[in-house]
Structures are given as C-alpha cells and as structure tokens.
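Listed below are the residues making up each chain.
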Amino acid sequence: MSKTPILDLQGGRIGEYDFPDELLVLNRGGQAVHEVIVAHRAGLRAGTASTLNKGLVAGSNRKPWRQKGLGRARAGYRQSPVWRGGGVVFGPKPRSYAKTVPKGVAALAFSRVVSEKVAGGGVKVLNDLKLTEGKSREIAALLKQLDVKGRVLIVVAKLDENLKRAARNIGRVVLSPAGDVSTYQLMLCPTMLITRDAADILLNRLRKITGKEGQS
C-alpha cells in the first residue's frame, strides 16, 4: 500500500489514505502518456489559418504589359505568386488537427500519470473541502496553509458554486470533479489536492482500467 496523509484544512494530519499498489502502474505507459498529451494539445489548435492561391486572388486575365519589346520579364497575370499581393503557393487552409487515441492507450496513460503522482508525493488528500463564503481568499489561504506552490489541481467528488466561484480568479488553480479529471490536467499540475470522497472515485476509475472493479 502507498500511504498518503489525510489532512484537514489547517494542514494537520488526521489519518492515512491507502492507494493499493496493485492499482499503480509505474513500469509502463510512458509512450501512452506522450501520445495522449500530443493528441490533447493538437485538439486545442484552431486550424483556422487560411490563404488565397492564385485562383482565388481577385484580378482579371489581362497581361500587365505586352510580351515583348519593353525589356522586362514576361508576365501573364497579376495574381502570380511571385508578385506582392499575389497568390500563396501551398499556403495553409482550414483543417482539423484532431488525433484519435485508442481507449486502451488513454486508460494506460491515465493510470501511469496517477501512479506517478502518488509515488512522487504529488498528492495531498483532504478530509473535506467546504467553503463558507466562496471567496478567492479562502482558496489562497488554504494553499498557503498547505504550502502548495505552483500550479495545483483541486479534485472534488462534486463541484459546488462556492468552490467554483472561489477558484475561478486564481490562475494557477485547476478545478475538476473526480469523474472527469484528465491525463492532461494531471500532467499540467505538479500538485493535486483531492478530497477523500474524490479519491475513492479516482480509485474506482483505476479499478475499472485494471479490471479489478469491485475489489477494495
């Protein structure tokens, strides 16, 4: 068992949370993580860049000047790519950069990243996370109390309005329900704060991936 301290909102240790070793994957999955992150980032690209080729640039078929007798290079049309304002050769057109990742690869990547977080001490388990006012200062005070620096992923069993309102103005905080937390979010944030209830949901996701659903 990988034991992680359970903390209260003041940072005091009130127990231990067990992450079963048989659910942790540390000996494989590195390439799967790479493929998932690349696919996620590719999907964020707008793919809206667009240029006009010589057939789309406005203009007539009239020659700019006569073929011979002026001492200039011959020119057939003003839309030529060699001219300023002309068409673009092999320029970008709107496209999708989306990549598909097999479900098994995505599941392996998720297991690997969660396992690394647990093994590397990047997980802090909170007994509960209830905010009374929904103010950003409550989240800021909590992070200071727990000595959390840098970007942090806060995972709860279910989002409530107070928590969403408190976290939205703190740029380094990423908030997610346990059922939806992604590999990209886990990789983005060095530290994960997770409530005990959310940790149970996360373990159930790992059990489904490893085929050990129903075991405790």
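What counts, and where the lines are drawn
- Residues numbered from 1 in each chain as written.
- Predicted model: local features only at pLDDT ≥ 70, side-chain atom pairs only at ≥ 80, totals over all residues.
- Heavy atoms only, no water.
- Core = buried A, V, L, I, M, F, W, Y, C linked by side-chain atoms within 4.5 Å.
- Buried < 20%, exposed > 50% of the residue type's maximum accessible area, 1.4 Å probe, protein only.
- Helix = DSSP H or I, 4+ residues; strand = E, 2+ residues; numbered from the N terminus.
- Contact = heavy atoms within 4.5 Å.
- Phe/Tyr/Trp six-rings, centres within 6.5 Å; stacked < 30°, edge-to-face > 60°.
- Lys NZ or Arg CZ within 6 Å of the ring centre and 35° of its normal.
- pLDDT = per-residue confidence, 0-100.
- Pairing = 2+ DSSP bridges.

Describe the nonpolar core, naming the residues involved and giving the relevant values.
Residues Leu153, Val155, Leu186, Met192 and Ile194 are the most contacted members of the largest nonpolar core, which totals 31 residues. Secondary structure elements with two or more residues in this core: strand 2 (13–19), helix 1 (30–44), helix 2 (103–119), strand 3 (123–126), strand 4 (152–156), helix 5 (183–188), strand 6 (191–195) and helix 6 (196–210). Beyond its immediate stretch of four places on either side in the chain, Met192 contacts Gly122, Val123, Lys124, Leu153, Val155, Leu186 and Leu202. Formed by 18 residues, the second largest nonpolar core is a distinct cluster that contains Leu129, Val148, Val152 and Ile154.

Would you mind going over the packing of aromatic side chains in detail, with residue names and values included?
If you walk through the whole model with that rule in mind, you get 2 aromatic pairs. The aromatic ring of Tyr97 is capped on one face by Arg45, whose charged end is 3.6 Å from the ring centroid. The positively charged end of Arg95 is found above the aromatic ring belonging to Tyr97, 3.9 Å away from the centroid.

Mind laying out the confidence of the model for the chain, listing which residues take part and the relevant values?
Confidence in the prediction of the chain, expressed as mean pLDDT, is 92, and 97% of residues score 70 or more. Across the chain, the element-wise mean pLDDT spans from 88 in strand 1 (residues 2–7) up to 97 in helix 1.

Run through the pairing of strand 3, naming residues and quoting values.
As paired strands, strand 1 and strand 3 are joined by 2 bridges and run parallel to one another. Each residue of the ladder has a partner; that of Leu7, found in strand 3, is Leu126. As paired strands, strand 3 and strand 6 are joined by 4 bridges and run parallel to one another. Among the inter-strand pairings, Val125 is bridged to a residue of strand 6, identified as Ile194.

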